[in-house]
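In case you want the letters, here they are:
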Amino acid sequence: MYAFEIDRPTTLADAVKALGAEESQALGGGQTLIPALKARLAAPARLVALSGVDEIKGICTADDGALCIGGGTSHADVAKGAGAYPALASLAANIGDPAVRNRGTIGGSLANNDPSACYPAAVLASGATVVTTNRQIAADDFFDGMFATALEDGEIITEVRFPVPEKASYQKFDQPASRFALVGVFVAKYPDGVRVAVTGASEDGVFRWSEAEAALSSDFSAGAVEGLSLSGDGMISDLHGSGEYRAHLVGVMTRRAVAAAG
Amino acid sequence: MPEVSMTVNGKPAKGQIEGRTLLVEFIRDNLGLTGTHVGCDTSQCGACVVHVDGRAVKACTIFAAEAEGAEVKTIEGMAEPDGTMHPIQAAFQDHHGLQCGFCTPGMVMSAAALLAENPTPTEAEIRDYLEGNICRCTGYHNIVKAIMAASGQDVSRVAAE
Ligand SMILES: Cc1cc2nc3c(=O)[nH]c(=O)nc-3n(C[C@H](O)[C@H](O)[C@H](O)COP(=O)(O)OP(=O)(O)OC[C@H]3O[C@@H](n4cnc5c(N)ncnc54)[C@H](O)[C@@H]3O)c2cc1C
Ligand code: FES
Ligand code: FES
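Engineer: Could you give me a rundown of the pairing of strand 5 (residues 67–70) of chain A, with the residues and numbers involved?
Structural biologist: Residue and element names in this part refer to chain A. Alternating positions in strand 5 separate into two faces, Leu 67 and Ile 69 on one and Cys 68 and Gly 70 on the other, with burial throughout. Pairing analysis gives three bridges linking strand 4 (residues 59–61) to strand 5, with the strands arranged antiparallel. Bridge pairing links Ile 59 to Ile 69 in strand 5. In this structure, the hairpin formed by strand 4 and strand 5 is closed by a connection of five residues, where Gly 65 is found at a positive phi of approximately 90°.

Have a look at this one:
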């Protein structure tokens, strides 16, 4: 690791101020950033740790029924506290391993937008809103391809608001070495339609499978997506699985998710 | 150089650190508590697991500065002051839950975190909880057995598959 300084503000206002300095970067749970710093893939002059900022931690329900999760909330706390949205709680409970879940945060996961990460699928399938220190960003506008998002420098994710669906399920095909998703599919059924988001598969990062959404919106059953398939073109191809294999898994995991959602 | 202070195994500990000093470096190099091992240094193996404010964390993936004011517990804090082993440590010995012992500090700290949350876990729950703890020697069966035994459960059914 290159040398840097660490700031540990206790208020959001102080964190924003610290991030205003040249070459500053936010530190969430560090479960992605610290390995990246060790590999010298990042070289900030100053890290601004968000772990002491209590005002961006916690879970509550808004007046409109949406489940609001603070950007600094750990995966373990979401697993325990998001009972109002069971598919989301179960997604959080299956990220990495217990020690990773005790440190890693939802804000860090979304800001990082790893193409195989779990939370991006939940946010996109739920049509959630990402609240930052500057604005509110709709899920459909937030993700911008592999490791890229709409976030600007110094912008902190303070909260994520999830409308709670009637039925939902996240099905993850584990990549056992990394513990990320080889392919993960999140299906969420709302009164006005079904949303299907896929992670781990595309070279463009998380995406909505619109054909499956249309089919499931008129008939919410695993059979409704039986005949649908995706092309392996543009899918991630690596030693763990070819593009064709991943495209195939998207169909399988979608059907499993619909079946599990009930 | 900034200073950090925390409580480690019930005793106050402080020292000079850099921003980039990892908690595991502070524990091993500043405090000389070398029971916490570094197996991978890439957040994969769990040999470095310690408790920070009661939660299991990988000490190679948290900066020492972030443990300011925290209660930290390492493997050295598990036995009684007179050397009597913690029941989990004793069970690892009784059930041959270790061979080379490199992964053992992390295994014991993860097991202690599990039993604090779930005092009588099933075999499947134990295996799931240890997902982030890698052992290259034992094949895991005797580790699972030891944790079942430490939780007061019958281990006769835990056998090599
Ligand atoms: C062994 C292992 C297994 C894992 N398995 C999975 C898995 O199965 N599924 C999965 O989805 N992930 C997995 N992860 C990744 C894990 O979920 C990370 O916690 C997550 O990707 C990053 O969150 P963090 O809080 O640790 O962020 P950090 O690592 O601290 O930061 C990541 C990035 O986000 C930025 N950032 C952090 N917080 C904020 C914020 N509030 N606002 C704006 N920017 C912010 C940082 O500047 C940095 O660029 C795994 C990690 C490990 C080490
Ligand atoms: S040394 Fe920390 S996880 Fe391997
Ligand atoms: S006993 Fe050798 S690595 Fe586990």
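What follows picks up the thread again.
Engineer: An account of the packing of aromatic side chains is needed here, citing residue identities and associated values.
Structural biologist: Each aromatic ring pair is specified by the distance between its two centres and by the angle formed by the two planes. Within this structure, the stated rule accounts for five aromatic pairs over all chains. Seen in terms of ring centroids, A:Phe4 and B:Phe63 are 5.4 Å apart; in terms of plane orientation they differ by 75°. Their pairing is edge-to-face. Taken together, the positions of A:Phe4 in the segment before strand 1 (5–7) and B:Phe63 in the loop between strand 4 (55–58) and strand 5 (71–73) put the pair across two chains. Centroid distance A:Tyr85 to A:Phe186: 6.2 Å. Interplanar angle 90°. Geometry classified as edge-to-face.

Engineer: Which residues make up the domain arrangement of chain B, and what values go with them?
Structural biologist: Residue and element names in this part refer to chain B. Here chain B is partitioned into domain 1 (3–77) and domain 2 (87–150). Taken together, the contact pairs 15 residues of domain 1 with 13 residues of domain 2. Where domain 1 abuts domain 2, roughly 1100 Å² becomes buried across the two surfaces, and 65% of that area is made up of carbon and sulfur atoms. Three residues, His 37, His 51 and Ile 75, lead the burial of domain 1 against domain 2; their summed loss comes to 41% of the area buried on that side. The tally of links from domain 1 across to domain 2 stands at zero salt bridges. Summed over the shared surface of domain 1 and domain 2, the result is five residue pairs in polar contact (both at pLDDT 80 or more). Elements supplying a minimum of two residues to the side of domain 1 that touches domain 2: strand 3 (49–52) and strand 4.

What counts and what doesn't
Residues numbered from 1 in each chain as written. Chains lettered and ligands numbered in written order. Predicted model: local features only at pLDDT ≥ 70, side-chain atom pairs only at ≥ 80, totals over all residues. Heavy atoms only, no water. Buried < 20%, exposed > 50% of the residue type's maximum accessible area, 1.4 Å probe, protein only. Helix = DSSP H or I, 4+ residues; strand = E, 2+ residues; numbered from the N terminus. Pairing = 2+ DSSP bridges. Phe/Tyr/Trp six-rings, centres within 6.5 Å; stacked < 30°, edge-to-face > 60°. Domains from an automatic or database assignment. Contact = heavy atoms within 4.5 Å. Buried area = accessible area lost by both parts, 1.4 Å probe. Salt bridge = Lys/Arg side-chain N within 4 Å of Asp/Glu carboxyl O. Polar contact = N/O pair within 3.5 Å; in protein donor to acceptor, adjacent residues only side chain to side chain.

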